Amino acid sequence: MLRRTCLALTAAILTVGPALADGHGMKKDIVDIAAGNDSFSTLVAAVQAADLVETLKGEGPFTVFAPTDEAFAALPEGTLDELLMDENSDQLTSILTYHVVPGAVMSGDLENGMEVETVQGETLTIMTEGGVTVNGATVTTADIEASNGVIHVIDQVLLP
């Protein structure tokens, strides 16, 4: 009887343990969300190449306007390959940080004609009439909440 109880208890711990170890219901950070979504494989590769992973896993909060793989594919041929070269890491970092705004800016906080300063230092213009755009890029999915900010999916790569 004692042996069966111990075996049952052990089985229960082994079953529940991994579920509890998986963040205790905590939200994933911006990088983890992007890495877990097939639509952001190019963005994740670029963030890794620019050595921005630890920054975007940081406390934040950050608002990231995240271009999809299709947005990167729409860049002129060879542009992405050139940006991913080691010698162009400063340019890649500038482009990626142009997609990041300090603070968590939810879609409900946006106003037509609003300007927000990016981590890169330049500003983005938000328009809300007829859908939300950021410097002309359409927000296709808004308010993906992360433990350290928010992601808004966009259909173009923003260039400073």
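Residues numbered from 1 in each chain as written. Predicted model: local features only at pLDDT ≥ 70, side-chain atom pairs only at ≥ 80, totals over all residues. Heavy atoms only, no water.

K.L.:
So, the sheet that holds strand E7 (residues 149–154): which residues are in play, and what are the values?
P.N.:
Within the open sheet, the 7 strands sit side by side as E2-E1-E7-E6-E5-E4-E3. Their pairing is mixed. Strand pairing shows two members of the sheet lacking a second neighbour, strand E2 (100–102) and strand E3 (114–117), which therefore form its edges. Strand direction decides the pairing type here: strand E1 (residues 62–67) and E7, joined by 6 bridges, are parallel. Each bridged residue has a counterpart across the sheet, and for Thr63 the counterpart in E7 is Val150. (Pairing = 2+ DSSP bridges. Helix = DSSP H or I, 4+ residues; strand = E, 2+ residues; numbered from the N terminus.)

K.L.:
Let's hear about helix H3 (residues 41–49): which residues, and what values?
P.N.:
Turning to H3, its buried residues number three or more, namely Thr42, Leu43, Val44, Ala46 and Val47. Where H3 is buried, its residues touch helix H2 (30–35), helix H4 (53–56), E1, helix H5 (69–73), helix H6 (79–83) and helix H7 (89–97). A positive phi of about 60° marks Asp51, the residue just after H3. (Buried < 20%, exposed > 50% of the residue type's maximum accessible area, 1.4 Å probe, protein only. Contact = heavy atoms within 4.5 Å.)

K.L.:
Quick one: what's the story with unusual backbone geometry, residue by residue and with numbers?
P.N.:
Look at the link from Gly60 to Pro61: it is a cis peptide, with omega at 5°. Structurally, the position occupied by Pro61 is in the loop between H4 and E1. One non-glycine residue, Asp51, lies in positive phi territory at about 60°. Mapped onto the elements of the fold, Asp51 is located in the loop between H3 and H4. Notably, Asp143 is not glycine yet its phi reads approximately 60°, a positive angle. With respect to the helices and strands, the residue Asp143 is situated in strand E6 (residues 137–146).

K.L.:
Describe the pairing of E7, naming the residues involved and giving the relevant values.
P.N.:
Burial analysis of E7 places 6 of its 6 residues in the buried class, which makes it a mostly covered element. Going residue by residue along E7, you find Gly149, Ile151 and Val153 tucked away on one face and Val150, His152 and Ile154 tucked away on the opposite face as well. Bridge count between E6 and E7: 5 bridges; the pairing is antiparallel. When the bridges of E7 are listed, Ala146 appears paired with Gly149. A loop of 2 residues connects E6 with E7, the two strands running antiparallel in sequence.

K.L.:
Can you explain the side chain of Asp29? Please cite residues and give values.
P.N.:
Mapping Asp29 onto the fold places it in the loop between helix H1 (2–21) and H2. One polar contact links the side chain of Asp29 to the main-chain amide nitrogen of Asp32, over a distance of 2.8 Å. At a separation of 2.8 Å, a polar atom in the side chain of Asp29 contacts the side chain of Lys57. The contact partners of Asp29, leaving out residues within four places of it in the chain, are Lys57, Ala146, Ser147 and Asn148. (Polar contact = N/O pair within 3.5 Å; in protein donor to acceptor, adjacent residues only side chain to side chain.)

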